[in-house]
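An overview of the molecular structure
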Amino acid sequence: MKVRLALLAVVATAVVVRAQQPVTFDRLLHASNEPQNWLTYSGSLSSHRHTLLTQITPANVRNLELQWVFQTRTPAEPAEKFEATPLVVDGIMYTVMAPNHVVALDAATGRIFWMYAPRLSPLARVCCGRVNRGLAILGETLFMGTIDGHLIAIDAKNGKPIWDVALSKPELGYSFTMAPLVVKDKVIMGPAGGEYGIRGFIAAFDAKTGREVWRFNTVPGPGESGHETWPADSDVWEHGGGSIWVTGSYDPNLNLMYFGTGNPGPDWNADPRPGDNLYTDSVVALDPDTGRLRWHYQFTPHDEFDYDSTQVPVLADIVWRGRERKVMLWANRNGFWYVLDRATGEFLSGKPFVRVNWAEAIDDKGVPKRVLNATPEGTLVYPNNQGATNWYSPSFSPRTGFFYIPTWMDTYSTYTKAPVEYKEGNQYVGRFPTMTVPALRTGPGAVNQRTPQEGYGAIQAFDPRSGDLKWQFKMADVTDTGVLTTASDLVFAGGREGYFFALDARSGDMLWKANVGGQVSAGPMSYAVGGKQYVAIAAGSALFVYALRQP
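Residues numbered from 1 in each chain as written. Predicted model: local features only at pLDDT ≥ 70, side-chain atom pairs only at ≥ 80, totals over all residues. Heavy atoms only, no water.

Some points on the overall build of the protein
When helices and strands are counted, the protein shows one helix and 39 strands. Against the compact-globule benchmark of 24 Å for 551 residues, the protein has a radius of gyration of 22 Å, which places it among compact chains. Overall, the C-alpha framework of the protein stretches about 65 × 55 × 50 Å when taken along its three principal axes. A burial count over the protein gives 65% of its 551 residues as buried. Considering only contacts in the protein between residues 6 or more positions apart, those separated by 24 or more positions represent 61%. Charge centroids of the protein, computed over 50 positive and 53 negative side chains, lie 5 Å from each other. (Helix = DSSP H or I, 4+ residues; strand = E, 2+ residues; numbered from the N terminus. Rg over C-alpha atoms; globule rule 2.2 N^0.38 Å. Buried < 20%, exposed > 50% of the residue type's maximum accessible area, 1.4 Å probe, protein only. Contact = heavy atoms within 4.5 Å. Lys, Arg positive; Asp, Glu negative; His and termini not counted. Charge placed at Lys NZ, Arg CZ, Asp CG, Glu CD.)

Some remarks on the sheet that holds strand S29 (residues 413-415)
What the three strands build is an open sheet, ordered S26-S29-S30; its pairing is antiparallel. A single partner strand is all that each edge strand has here, and the edge strands are strand S26 (379-381) and strand S30 (434-435). (Pairing = 2+ DSSP bridges.)

Things to note about the environment of Leu293
With respect to the helices and strands, the residue Leu293 is situated in strand S19 (residues 293-298). Separated by 68 residues in the primary sequence, Leu293 and Ser225 have C-alpha atoms spaced 9.5 Å apart. Setting aside its immediate chain neighbours within four residues, Leu293 contacts Phe216, Tyr279, Val284, Ala285 and Leu286.

Observations regarding the pairing of strand S10 (residues 150-155)
For S10, the buried fraction is high: six of the six residues fall into the buried class. Of the two faces of S10, both are covered, the one formed by His150, Ile152 and Ile154 as well as the one formed by Leu151, Ala153 and Asp155. Taking the residues that link successive antiparallel strands as the turn, the strand S9 (residues 141-145)-S10 hairpin has four residues, and the phi of Gly149 there is positive, at about 85°. As paired elements, S10 and strand S11 (residues 161-166) share five bridges and run antiparallel to each other. Opposite Ala153, over in S11, you have Trp163 as the bridge partner. Between S10 and S11, which pair antiparallel in sequence order, lie five residues; one of them, Gly159, sits at a positive phi of approximately 80°.

Re the packing of aromatic side chains
Two aromatic rings are characterised by how far apart their centres lie and by the angle between their planes. Applying the stated criterion to the full structure yields 31 aromatic pairs. These aromatic residues form a ring-pair network of at least three members: Tyr297, Phe299, Phe305, Tyr307, Trp330, Phe336, Tyr338, Phe347, Trp358 and Tyr415. Against the face of Tyr41 rests Arg49, its NZ or CZ located 4.9 Å from the ring centre. Lying across the ring of Tyr382, Arg355 places its NZ or CZ 4.0 Å from the centre. (Phe/Tyr/Trp six-rings, centres within 6.5 Å; stacked < 30°, edge-to-face > 60°. Lys NZ or Arg CZ within 6 Å of the ring centre and 35° of its normal.)

Structural notes on the environment of Ile162
With respect to the helices, strands and loops of the structure, Ile162 is situated in strand S11. A residue is classified by how much of its surface remains accessible, and Ile162, at 43% relative accessible area, is partly exposed. Ile162 sits 206 residues away from Pro368 along the chain, and the two C-alpha atoms are 47 Å apart.

Side note on the pattern of salt bridges
All chains considered together, the criterion is met by 24 salt bridges. Asp185 serves as the salt-bridge partner of Lys186, at 3.2 Å between the closest nitrogen and oxygen. Here Arg496 and Asp480 are joined by a salt bridge, their closest N and O atoms 2.7 Å apart. Linking Arg496 in the loop between strand S34 (490-494) and strand S35 (499-504) with Asp480 in the loop between strand S32 (469-475) and strand S33 (484-486), this pair joins segments that are 16 residues apart in sequence. Like Arg496, the residue Asp480 is buried in the burial classification. (Salt bridge = Lys/Arg side-chain N within 4 Å of Asp/Glu carboxyl O.)

A word on the environment of Pro222
Relative to the elements of secondary structure, Pro222 occurs in the loop between strand S15 (212-217) and strand S16 (249-251). If we ignore the near neighbours within four places in the chain, the residues touching Pro222 are His227 and Trp237.

A closer look at the sheet that holds strand S27 (residues 395-396)
Taken together, the four strands give an open sheet; going across it, the order is S27-S28-S31-S32, and neighbouring strands pair in antiparallel fashion. Whereas interior strands pair on both sides, the edge strands pair on one side only; in this sheet they are S27 and S32. Where strand S28 (residues 403-409) lies against strand S31 (residues 456-462), seven bridges are found, and the strand directions are antiparallel. Looking at the pairing, Pro406 lines up with Ile459 of S31.

Considerations on the pairing of strand S6 (residues 101-106)
Burial of S6 is extensive: six of the six residues sit out of reach of the surface. The alternating pattern of S6 places His101, Val103 and Leu105 on one face and Val102, Ala104 and Asp106 on the opposite face, and all of these are buried. Two strands pair when backbone bridges link them, and strand S5 (residues 92-97) and S6 are joined in this way by six bridges, in the antiparallel orientation. Of the residues in S6, the one forming a bridge with Met93 is Leu105. Relative to strand S7 (residues 112-118), S6 runs antiparallel, the two sharing four bridges.

Regarding the side chain of Ser395
Looking at where Ser395 falls in the secondary structure, it is placed in strand S27. From its side chain, Ser395 meets the backbone oxygen of His48 in a polar contact 2.9 Å long. Excluding anything up to four places from it in sequence, Ser395 contacts His48, Arg49, His50, Phe402, Phe403, Tyr404, Val483, Leu484 and Thr485. (Polar contact = N/O pair within 3.5 Å; in protein donor to acceptor, adjacent residues only side chain to side chain.)

Some details on the nonpolar core
Formed by 98 residues in total, the largest nonpolar core has its most connected members in Phe492 and Tyr527. When residues of this core are assigned to their parent elements, the largest contribution, seven residues, is made by strand S39 (residues 542-548). When near neighbours in sequence (up to four residues on either side) are disregarded, Tyr527 contacts Pro35, Gln36, Leu53, Trp68, Val88, Met93, Ala107, Lys532, Gln533, Tyr534, Ala536 and Val545. Membership of the second largest hydrophobic core comes to 45 residues, among which are Leu256, Val283, Ala285 and Ala316. (Core = buried A, V, L, I, M, F, W, Y, C linked by side-chain atoms within 4.5 Å.)

Keep in mind that these numbers describe shape and distance, not what the molecule does.
Structure representation (structure tokens):
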């Protein structure tokens, strides 16, 4: 196996972290038994992004104060968003600075133990920032995907690389920005890069060696089921998109894992690809042992509005129409939020959570009733190109029973169809839609001067059983942050305004906020060390950690 050279960048001599118990897969399965830790990207394999810690409550959250800050401006890239959610294992925090710098910190003090930076290829091409959303851990090994198409195993004790395998060619636009998912003895990954005309996939790799075990193509080729949804006698499927942006979820009782897939290529001109274009804009349920497809559900067939279904699948057990049911909750970029049966993929419900005009409804079979298409003259479409929500994490609270969605409210784009041709290594998208809300915001100095009628951000709480909106917390600007709920009925979130705040999970009332001096583009998480609960959030180019003021 070829291992590339790595840079070990440290402030001082690297320190070996203190002994920890290896993170077995059983520990990942039963993460709720150790709420002091945060062992996966979403906090658990069901992706609730919910903590059972209760030290911080609605009554005392006003006493939160900053404990420590970790600045990432050097050697990371200060112009990039800080999108990673840290892991915490037995008092040690592991996180990733843009683009692929891994650091181990004392979770109570912020002291650096070690830092690791791979030597990245200058050929890396990314559409939406040189970013990374986090790590996975199994045993004493951390796993990270890189923007130049590698999967790296890192020794959690000292930050040294164990193995490093190239999964794809960076010059073609393949990059890995998601936090990996560990299932049993496998590390599961998929590439971003749909804007460059990649052919997406989800693949499993042996955690000990990096050897590829199986691969599921999100754009099926000849002879594969679903290929008939692409045009016959054409090679357009070879550049059909179907990226993987965020970490999936896993149900051990069904032995199924779930991933959302990105938009088809080209993004904004669907003429070269008549058909539904499976398995883009879908959720796929895969057997983690074999990669075999068990079921799929496509949210936006024949997408031409860039409505990637790259959101986090949230697995919940709720009472549905009078009986217990294993469901999947999904807030989609296309403006609808869904309840699906996660055992079978059966469509149960689909309702808009923002203004939607491209489809008038979802029919009883789960198919959108489309009423708009892109045109050469331009078509005004709600929601906008960035969607009603995006890759940032929603949350489900088993206590309240509510599903919490970070939302871009009532935004729109004008889609103007234009010719597009695939050229290797170039973006394969068509004409970029016009919109009042900027797709990305990085660095200082960005000021929101839009009116609320041009779109704003909100945290929304829905009851999955009835579909009712329970409350909405409005923000002056849109949000790129995830949501964390707690067993003490708090909601933590943030946004582009530069605030990190706590809401009452039952009413949506603001209870506390702090200015973090930069936009929040990551998911909050919580952990405990020595009986003290902390809440952490990445914002701007720093990681901020809060806890209750000590008497």
